[in-house]
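Secondary and tertiary structure notes
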Amino acid sequence: GFTDYDVEPGTHLWTDEDNPFYDLPEVRVYGVMTIRSGAALTANEMTFSFAPDAQLVVERGASFECNSCIFTSGCDERWAGIRVEGNTANTYQGNDPNLAQNLEQGYIYLHSSTVENATIGIWSGGSDPEYHGGIVQAVHSTFSNCVTGVRLEPYQRRDGQASAQLDNRSRFQGCDFLTTATWPD
């Protein structure tokens, strides 16, 4: 397994047979796996197993697209979950060429993927109110046996003139939120 792992800026494609983890289909994380600002990572058909205090962080200005992936605990205890950083001061919630990359919203897209056995499956923002507004989009995905499946912190998206309030870009389509085990622990 890996204690900490950083995905550096650039475009990356990982599959269950071609990835930086010795081409293994399952990655065991014991610390923090961070998708750095400027990184665009796509993962296909991979399993990420996390130790109890381990987590995945998608930084501001980073994106992570997951297709048929599983994010789970690596033992009988819950793991922290996935945190997607935003920028509360960036009320546009889109790509603004006038902003530095590390001031853009973090973005995660799940397609036919599963997040399970986490304290918070996906947390858009975090405890620092300056990091709210991260974008979470999930299609035909499952959040299973998490204490909280998804947590979106307060954030107001506005048009370019900051006058009209717009819908948040986070979306969930055809997703299941399930509790099939004893809850909460």
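Residues numbered from 1 in each chain as written. Predicted model: local features only at pLDDT ≥ 70, side-chain atom pairs only at ≥ 80, totals over all residues. Heavy atoms only, no water.

1. Observations concerning the overall build of the chain
Check the secondary structure of the chain and you find zero helices and 20 strands. Considering only C-alpha atoms, the chain reaches an extent of 50 × 35 × 30 Å along its principal axes. Taking all 185 residues of the chain together, the buried fraction comes to 44%. For the chain, restricting intrachain contacts to residue pairs at least 6 apart in sequence, the fraction spanning at least 24 positions comes to 72%. A total accessible area of about 9,100 Å² is found for the chain, and carbon and sulfur atoms account for 46% of it. Across the chain, the mean location of the 10 positive side-chain charges is 9 Å away from that of the 25 negative side-chain charges. (Helix = DSSP H or I, 4+ residues; strand = E, 2+ residues; numbered from the N terminus. Buried < 20%, exposed > 50% of the residue type's maximum accessible area, 1.4 Å probe, protein only. Contact = heavy atoms within 4.5 Å. Areas by Shrake-Rupley, 256 points an atom, 1.4 Å probe, with all protein chains shown as cover. Lys, Arg positive; Asp, Glu negative; His and termini not counted. Charge placed at Lys NZ, Arg CZ, Asp CG, Glu CD.)

2. A closer look at the packing of aromatic side chains
For the structure on display, the rule yields ten aromatic pairs. Centre to centre, the rings of Phe48 and Phe71 are 5.0 Å apart; their planes meet at 5°, and the pair counts as stacked. Of the two residues, Phe48 is situated in strand β6 (residues 47-50) and Phe71 in strand β9 (residues 70-73); the sequence distance between them amounts to 23 residues. As far as burial versus exposure is concerned, Phe48 and Phe71 are alike and both buried. The interplanar angle of 10° and the centroid separation of 4.8 Å between the aromatic rings of Phe143 and Phe177 together place this pair among those described as stacked. Of the two residues, Phe143 is situated in strand β15 (residues 142-144) and Phe177 in strand β20 (residues 176-178); the sequence distance between them amounts to 34 residues. Using a relative accessible area of 2% as the deciding quantity, one classes Phe143 as buried. (Phe/Tyr/Trp six-rings, centres within 6.5 Å; stacked < 30°, edge-to-face > 60°.)

3. Digging into the sheet that holds strand β12 (residues 114-116)
One open sheet holds the six strands; their spatial order is β3-β6-β9-β12-β15-β20, and the pairing between them is parallel. The open sheet terminates on both sides in strands that have one partner only, identified here as β3 (26-29) and β20. Along the sheet, successive strands turn relative to each other by an average axial angle of 15°, direction set aside. Where β12 lies against β15, three bridges are found, and the strand directions are parallel. Paired with Glu116 across the two strands is Ser144, which belongs to β15. (Pairing = 2+ DSSP bridges. Axes fitted to C-alpha atoms, helices over the stretch in contact; angles between N-to-C directions.)

4. Considering the pairing of strand β14 (residues 135-139)
When you tally the buried positions in β14, you get five out of five residues, the bulk of the element. On β14, burial covers both faces: Ile135, Gln137 and Val139 on one face and Val136 and Ala138 on the other are all buried. Taken together, the five bridges between strand β11 (residues 107-111) and β14 define a ladder with parallel strand orientation. Within β14, the residue paired with Tyr107 across the bridge is Ile135. Two elements, β14 and strand β19 (residues 171-173), share three bridges in a ladder whose sense is parallel. In the sheet register, Gln137 faces β19, and the bridge partner there is Arg171.

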